[in-house]
Amino acid sequence: MVSIVFFDWAPVTLDNHAAIQGLIAHSIDCAYDIAKKIGKTDDVNNYPTVAKQLRQAGYKAYWDSKRQVVTSGKDKQQSYTATSWAVLGDLIKGKEAQKAIRNVMNSTSAIKPGTPYANHFLVAAMLHCGMNTEAKKYVEDYWGGMVRLGADTFWEYYVPDNHLFSSYNGYTLLNSYCHAWSCTPIYFIVNYPEIFQK
């Protein structure tokens, strides 16, 4: 059986190794939190150890401390998605996480997201490592970009420097112009009012 883990319809093929490592560590934390809430920690008492091992291995494999960037795969690909999930999964933390996000966003070779879905996790990663001002500005710039183009709903795909981007083999008319995965600013506005409602 083939298992597919989806992170984004990026403009070019993503290497997902680093993102998967971060996602698994993050998911283990979430599962452990649920177990605590329902009184079942005995069933998952090894989860914190497994998550710690994943983080240590992920840090070693994907953090380029010299360049202060997250890389993924044999070609050392840089992408917003790999960086976002390395931060959300705590493969890198604190100042290193902030530096990684700033560096990937300043890189001309890093792969940018093709969807608001992937951009959601970039904003979540910014919030996770304390980049609150940058997170708010990113929402205003990215989702606001759709509004400034006349959108009255958020789109399935939006690449600010390529408005014709689509994963449907160039058939942009198949793009959804009212897509659920694109409306996540509401999540941030409601759950982080001290940041997004000021």
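Just above sits the structure.
Presented here is an overview of the structure given in this document. All figures in this text were calculated on a predicted structure; none of them were measured in a lab.

Let us now look at the overall build of the chain. Along the chain, the regular secondary structure elements total 8 helices and 2 strands. Over its C-alpha atoms the chain spans a radius of gyration of 17 Å, differing by no more than 12% from the 16 Å that the globule rule assigns to 198 residues. The principal-axis extent of the C-alpha atoms belonging to the chain is close to 50 × 40 × 40 Å. Every one of the 198 residues in the chain was classed for burial, and the buried ones make up 46%. Sequence-distant contacts in the chain: of pairs separated by 6 or more residues, those separated by 24 or more amount to 64%.

A separate point is the environment of Cys30. As for its position among the elements, Cys30 is in helix α1 (residues 17-37). The sequence separation of Cys30 and Leu14 amounts to 16 residues, and the corresponding C-alpha distance is 25 Å.

Next up on the list: the packing of aromatic side chains. According to the stated counting rule, one finds 17 aromatic pairs in the structure shown. Ring centres of Tyr117 and Phe121 lie 5.2 Å apart, and the angle between their planes is 80°; on these two criteria the pair is classed as edge-to-face. Of this pair, Tyr117 and Phe121 both sit in helix α5 (residues 116-128), 4 residues apart, which is roughly one turn of the helix. The class for Phe121 is buried, based on a relative accessible area of 17%. Among the aromatic side chains, those forming a connected cluster through ring pairs are Phe6, Phe7, Trp9, Trp85, Tyr117, Phe121 and Trp181.

The rules we used
- Residues numbered from 1 in each chain as written.
- Predicted model: local features only at pLDDT ≥ 70, side-chain atom pairs only at ≥ 80, totals over all residues.
- Heavy atoms only, no water.
- Helix = DSSP H or I, 4+ residues; strand = E, 2+ residues; numbered from the N terminus.
- Rg over C-alpha atoms; globule rule 2.2 N^0.38 Å.
- Buried < 20%, exposed > 50% of the residue type's maximum accessible area, 1.4 Å probe, protein only.
- Contact = heavy atoms within 4.5 Å.
- Phe/Tyr/Trp six-rings, centres within 6.5 Å; stacked < 30°, edge-to-face > 60°.

Remember, this is a structural readout, not a statement about activity or role.
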